[in-house]
Amino acid sequence: MFEKIKIEENVPLSKYTSIKIGGPAKYLYNAKSSQDLQIALQEAKAAGINTLVIGAGSNLIFSDKGFDGLVIRNLIKYIKVEDDLMSVGAGNNLNEVVTAQTKYGLGDLEFLAGIPGNIGGAVWMNAGSRKIAIGNYVKEVEYLDEFFNKKTISGPDSEFGYRKSIFQDKKYYITGCVLNLDYAEPALVQKNIGDNILHKQETQDLKYPSAGCVFKNPMHELTAAQMIEECQLKGKKIGGLEVSSKHANYIINTGKGKAEDFVILTSLIKQQVRDTFNVQLEFEIQMIGF
Ligand SMILES: Cc1cc2nc3c(=O)[nH]c(=O)nc-3n(C[C@H](O)[C@H](O)[C@H](O)COP(=O)(O)OP(=O)(O)OC[C@H]3O[C@@H](n4cnc5c(N)ncnc54)[C@H](O)[C@@H]3O)c2cc1C
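Here the residue numbers are simple positions, counted from 1 along each chain's written sequence. Reporting of local features is limited, given that this is a predicted model, to residues whose pLDDT is at least 70; pairs of side-chain atoms are given and counted only at 80 or more, and all residues count toward the totals for whole chains, interfaces and linings. The basis for every side-chain value is the complete set of non-hydrogen atoms in the structure, without hydrogens or water.

Caption draft 1: Just the nonpolar core, in detail. Among the nonpolar cores identified, the biggest contains 32 residues, and L109, F167 and L179 are the most heavily contacted of them. Each helix is a run of DSSP H or I of at least 4 residues and each strand a run of E of at least 2, with the numbering of both proceeding from the N terminus. Broken down by element, this core gets its largest block of residues, 4 residues, from helix α2 (residues 94-103). Those residues in contact with L179, other than ones at most four positions away along the chain, are D84, L85, M86, V88, V97, L109, I134, Y137, V138 and K139. Working definition of a nonpolar core: buried Ala, Val, Leu, Ile, Met, Phe, Trp, Tyr and Cys residues. They are joined through side-chain atoms within 4.5 Å. When a residue's accessible area, from a 1.4 Å probe over protein chains only, is under 20% of the maximum for its type it is buried; when over 50% it is exposed; and in between it is partly exposed. Residues count as neighbours in contact if any of their non-hydrogen atoms are within 4.5 Å of one another.

Caption draft 2: Here's a closer look at the environment of T152. For T152, the position within the fold is in strand β12 (residues 150-154). Separated by 23 residues in the primary sequence, T152 and T175 place their C-alpha atoms 9.8 Å from one another. Discounting chain neighbours no more than four positions away, the residues touching T152 are E140, V141, E142 and Y143.

Caption draft 3: Local environment of the sheet that holds strand β16 (residues 241-243). Spatial strand order, β15-β16-β17: 3 strands in an open sheet with antiparallel pairing. Strands at the two margins of the open sheet, each flanked by one partner only, are β15 (237-238) and β17 (251-253). Pairing between strands is defined by DSSP: at least two bridges between the two strands are required. Of the pairings in the sheet, the one linking β15 to β16 comprises 2 bridges and is antiparallel in character. Bridge pairing in β16 links K237 to E242.

Caption draft 4: Expanded view of the pairing of strand β13 (residues 173-180). A large share of β13 lies buried, amounting to 7 of its 8 residues. Of the strand pairs in this sheet, strand β7 (residues 85-89) and β13 are connected by 5 bridges, and their pairing is antiparallel. By the bridge assignment, L85 is partnered in β13 with N180. As judged from the 6 bridges shared by strand β11 (residues 138-144) and β13, these two strands associate in the antiparallel manner. Following the sheet pairing, V138 is matched in β13 by L179.

Caption draft 5: Local environment of the sheet that holds β12. On the basis of which strands lie adjacent, the open sheet formed by 5 strands has the order β6-β7-β13-β11-β12 and antiparallel pairing. Bordering the open sheet on either side are β6 (79-82) and β12, each of which pairs with just one other strand. The mean angle between the axes of side-by-side strands here comes to 20°, regardless of whether they run parallel or antiparallel. Pairing of β6 with β7 involves 4 bridges; the strand directions are antiparallel. Across the sheet, E82 pairs through a bridge with L85, a residue of β7. Contacting β6, β7 and β13, α2 crosses the sheet at an angle of about 155° to β7. Orientation is described by axes fitted as lines to C-alpha atoms, over the contacting stretch for helices, and by angles from 0 to 180 degrees between their N-to-C directions.

Caption draft 6: Representation of the site of the ligand in the model. Neighbouring residues of the ligand: 36 residues in total, closest V53, G55, G57, S58 and G128. N or O atoms closer than or at 3.5 Å make up a polar contact, with two conditions inside protein: a donor-capable atom paired with an acceptor-capable one, and, for residues adjacent in sequence, both atoms drawn from side chains. In this structure, G121 approaches the ligand through a main-chain N or O atom, which is 3.5 Å from a nitrogen atom. Note that a nitrogen atom of the ligand is positioned 2.9 Å from one of the backbone N or O atoms of I174. Computed with a 1.4 Å probe, the accessible areas rest on the Shrake-Rupley method; for each residue, only the protein chains presented here act as cover. Protein coverage of the free-state accessible area of the ligand, which is 970 Å², stands at 94%. Of all elements in the fold, only β3 (51-54), α3 (119-125), β9 (128-129) and β13 reach the threshold of two or more residues within the shell around the ligand. The element contributing the most residues to the shell around the ligand is α3, with 5 residues. Of the residues in the shell around the ligand, the class split is 18 nonpolar, 16 polar and 2 charged. Domain delimitation follows an automatic or database domain assignment. Summarising the domain contributions, the shell around the ligand has at least three residues from each of domain 1 (8-74) and domain 2 (79-203). The criterion for a residue being near a molecule or strand is simple. One of its heavy atoms has to lie within 4 Å of it. Here the term charged refers only to Asp, Glu, Lys and Arg, the term nonpolar to Ala, Val, Leu, Ile, Met, Phe, Trp, Tyr, Cys and Pro, and the term polar to all other amino acids, Gly among them.

Caption draft 7: View of the domain arrangement of the chain. According to the domain assignment, the chain contains domain 1 (8-74), domain 2 (79-203) and domain 3 (224-288). Counting from both sides, the interface comprises 11 residues of domain 1 and, opposite them, 13 residues of domain 3. Summing both sides of the interface, domain 1 and domain 3 together bury roughly 1000 Å²; the carbon and sulfur share of this comes to 62%. Salt bridge, as used here, is a side-chain nitrogen of Lys or Arg placed within 4 Å of a carboxyl oxygen of Asp or Glu. Connecting domain 1 to domain 3 are 0 salt bridges. Summed over the shared surface of domain 1 and domain 3, the number is 9 residue pairs in polar contact (both at pLDDT 80 or more). Considering each element in turn, the side of domain 1 that touches domain 3 owes the most residues, 3 residues, to strand β4 (residues 60-62). Defined in terms of a 1.4 Å probe, buried area is the accessible area two parts forfeit on being brought together, summed over both.

The following block contains the structure:
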């Protein structure tokens, strides 16, 4: 069935998600180049097999049943700098990219320091923090379209919004992007990185596996975390999953958490927030295979 790519079978997805939840992927493949990705997608399509491309798995909840198809880990890595333009592979981790900008005398991406995702996932999600997001700096994105042809799209055409991009609506597979950065004093950039990491350590629950913030902040004077806290849900536990006592929008895996626990706990949160604030919380994380 797969002739040109070397796949693994029946691989627990809990291994590849930051929250350590998820049943098995029927097939799993590590794509290290856009050509690898193209071939894997073509072979899967020819065999009628479902595919899902993932990055670092830091924003994903897979069901306990797993994924009945081919999960492709995007491991396309490169960092090239020309003047103030930085080209990076979708498989580069955000922290590698933040470190590289300092090396080349560039700045702007300090707000991404400490976020555990990869560039592909960050562009797909328009990841950010403190009201800045990666989309602000994207000059163009390289991707494979639904027919697996190599294409580029400009930053403005990528329709970036709050944790939103065009890639969520189209069947596009991100292979890399070009970031337009400013020159910056390395010592100052380094200080900003340190401050951001410290802020994350102080405010977020990084001691246990999680998928970061579970819900988007609604259009409301209170954040999702504040609403959950007001509902007295900090510390609420279902199975191995718990609403973090440090940051109420984090659900932490304290042991053998299951996707089913996640569904029950988030339903309870949504119900209580709806009843108390008349607000419908929307997921920031992606739920797959439910
Ligand atoms: C402790 C912690 C802190 C976090 N803090 C933040 C934060 O401050 N701000 C923030 O925005 N997020 C945060 N996150 C969430 C997460 O790290 C980001 O959303 C990150 O950008 C997701 O990237 P990823 O590579 O892990 O994507 P994944 O979780 O692997 O995938 C996310 C989605 O993107 C799709 N995708 C991934 N790569 C590709 C690709 N190459 N082509 C097409 N589709 C793709 C996947 O199919 C999936 O639907 C945090 C998470 C954790 C665990």
